Amino acid sequence: MPASPAHKRILLKLSGEALMGDDPFGINRSTIVRMVEEVADVVHSGVQLAVVIGGGNIFRGVAGGSVGMDRATADYMGMLATVMNALALADTMNKQGLVARVMSAIAIEQVVEPYVRPKALQYLEEGKVVIFAAGTGNPFFTTDTAAALRGAEIGAEMVLKATKVDGVYSADPKKDPSATRYSKITFDEAMAKNLGIMDATAFALCRDQKLPIKVFSIVKHGALKRVVMGEDEGTLVYA
């Protein structure tokens, strides 16, 4: 293993569902603690880390009530769910000895500070973990798009998309035993094969900014550290 990380500054995209563990919704305590331990390992190696968190684990619990609801209203509810996840993540990080700051794209100043780019960059330089909440602050945009946007804004070298699968496959590995994992693939190849790595807006933004995406499994022990160290873990999508 190389002595130093392959990347200095990265953006980690975590889905809200990743925090559920085996629970039907909400935040599983042991799951969030294990994730933060892996994050701490990476930060202690000298990597500057920012996180964009989704809200599916909380919003799933109220999704039934959002049927027939105005799309923008439902999206704002989802953004507020990400703020709740960000607070839980930051609290767990602080208890693990990291210094975490939550920055929200929606102003909720009694709870978290607003997203201000120069301040976020300052925190990263100081070795703090910055957690971006409330997506882009706009309805109709996913947290994948927020990850691509914030990654470009902070000058991240790579966007790490944490999933439950250890990379991008030629087919669904659960349905097709012959499916093979791509070690790396270009943006254009991924689009031609319609692999659905991120939503189209997020994917196009990363491609245009030549911001590589690494898809890996957050449930696989040590995978995050191996990605940061530049090992063959997950799938690299590049320009």
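Let me begin by describing the structure that accompanies this report. Only a predicted model underlies this, so the values are computations on that prediction, with no experimental measurement involved.

Calculation criteria
- Per chain, residue numbering runs from 1 following the sequence as it is written.
- Given that the model is predicted, a residue must reach a pLDDT of at least 70 before its local features are reported, and side-chain atom pairs must reach 80 or more before they are shown or counted; all residues, however, enter totals for whole chains, interfaces and linings.
- Calculation of side-chain values draws on the structure's entire complement of heavy atoms; hydrogens and water are dropped beforehand.
- Helix and strand labels come from DSSP, where a helix needs a run of H or I of at least four residues and a strand needs a run of E of at least two; each type is numbered from the N terminus.
- Our radius of gyration looks at C-alpha atoms and nothing else; its globule reference is 2.2 Å times the residue count to the power 0.38.
- Residue exposure (1.4 Å probe, protein chains only): buried if accessible area is under 20% of the type maximum, exposed if over 50%, otherwise partly exposed.
- It only takes one pair of heavy atoms within 4.5 Å for two residues to be counted as in contact.
- Using a 1.4 Å probe, the Shrake-Rupley method yields the accessible areas, and only the shown protein chains count as cover for residues.
- Only four residue types enter the tally: Lys and Arg on the positive side, Asp and Glu on the negative side; His and the chain ends are excluded.
- A charge is said to be at NZ when it belongs to Lys, at CZ for Arg, at CG for Asp and at CD for Glu.
- Paired rings are identified among Phe, Tyr and Trp, the last through its six-membered ring, by centres lying within 6.5 Å, and are further divided according to the angle between planes into stacked (under 30 degrees), edge-to-face (over 60) and tilted (the rest).
- Distance and angle both matter: a charge sits over a ring if NZ of Lys or CZ of Arg is within 6 Å of the ring centre and within 35 degrees of the ring normal.
- Joining through side-chain atoms within 4.5 Å is the link that ties buried Ala, Val, Leu, Ile, Met, Phe, Trp, Tyr and Cys residues into a set, and such a set is a nonpolar core.
- For two strands to be treated as a pair, DSSP must find at least two bridges joining them.
- Simply put, an axis is a line fit to the C-alpha atoms, just over the touching stretch for a helix, and the angle between two N-to-C directions goes from 0 to 180 degrees.
- Under this scheme an angle from 65 to 115 degrees is roughly perpendicular, one under 35 degrees roughly parallel, and one over 145 degrees roughly antiparallel; angles in between are oblique.
- Take the far helix as the reference: if the near one is turned anticlockwise from it by less than a right angle, the crossing is left-handed, and if turned clockwise, right-handed.

## Some words on the overall build of the chain
Helices and strands together make up the secondary structure of the chain, namely eight helices and nine strands. In terms of overall size, the chain behaves like a compact globule, its C-alpha atoms giving a radius of gyration of 17 Å where 239 residues would be expected to give roughly 18 Å. For the chain, the spread of C-alpha atoms along the principal axes amounts to about 45 × 45 × 35 Å. Sorting the 239 residues of the chain into buried and exposed places 50% on the buried side. For the chain, contacts bridging at least 24 residues in sequence account for 73% of all contacts bridging at least 6. Within the structure as shown, the chain displays about 10900 Å² of accessible surface, and the carbon and sulfur contribution to it stands at 54%. If the 26 positive side-chain charges of the chain are averaged to one point and the 26 negative ones to another, these points end up 2 Å apart.

## A short note on the packing of aromatic side chains
Both the distance between ring centres and the angle between the ring planes are used here to describe each pair of aromatic rings. Evaluated as defined, the whole model comprises two aromatic pairs. Considering the side-chain rings of Tyr115 and Phe132, the 5.4 Å spacing of their centres and the 85 degrees angle between planes classify their relative orientation as edge-to-face. Of this pair, Tyr115 sits in the loop between strand E4 (113–114) and helix H4 (117–125) while Phe132 sits in strand E5 (residues 129–133); the two residues are 17 residues apart in sequence, bridging distant segments of the chain. Centre to centre, the rings of Phe187 and Phe203 are 5.0 Å apart; their planes meet at 65 degrees, and the pair counts as edge-to-face. Within this pair, whereas Phe187 is found in helix H6 (residues 187–192), its partner Phe203 is found in helix H7 (residues 200–208), the two being separated by 16 residues in sequence. There is no split in this pair, since Phe187 and Phe203 are both buried. Directly above the ring of Tyr123 sits Arg101, whose terminal nitrogen or CZ lies 5.7 Å from the centroid. The residue whose ring lies beneath Arg150 is Phe132, and the NZ or CZ to ring-centre distance is 5.8 Å.

## Some thoughts on the nonpolar core
Core analysis: the biggest nonpolar cluster contains 39 residues, and Leu12, Leu89, Met93 and Ile131 have the highest contact counts within it. Looking at this core, the elements that each hand over two or more residues are strand E1 (9–14), helix H1 (29–44), strand E2 (48–53), helix H3 (71–95), strand E3 (100–104), E5, strand E6 (158–163) and helix H8 (223–228). Here the element with the most residues in this core is H1; it accounts for seven residues. Apart from the residues lying within four places of it in its own chain, the contact partners of Leu89 are Leu14, Leu19, Ile32, Val36, Val51, Ile53 and Ile131. Listed in part, the 31 residues of the second largest apolar core include Tyr123, Ala147, Phe203 and Val237.

## Details of the sheet that holds E6
In space, the nine strands of this open sheet follow the order E4-E3-E5-E2-E1-E6-E8-E9-E7, with mixed pairing throughout. Either end of the sheet is taken by a strand with one partner, and the two such strands are E4 and strand E7 (184–186). The sheet strands contacting H3 are E1, E2, E3 and E5, and the helix crosses E5 at an angle near 165 degrees.

## Some remarks on the packing of helix H5 (residues 143–153) against H7
Two elements in contact, H5 and H7, have axes separated by 7 Å at closest approach and are oriented at 15 degrees. Comparing their axes, H7 and H5 come out roughly parallel. Two packed elements cross with a definite hand, and for H5 against H7 that hand is left-handed. In this structure, H5 uses Asp144, Thr145, Ala148 and Leu149 to contact H7, whose residues at the interface are Thr201, Ala202, Leu205 and Cys206.

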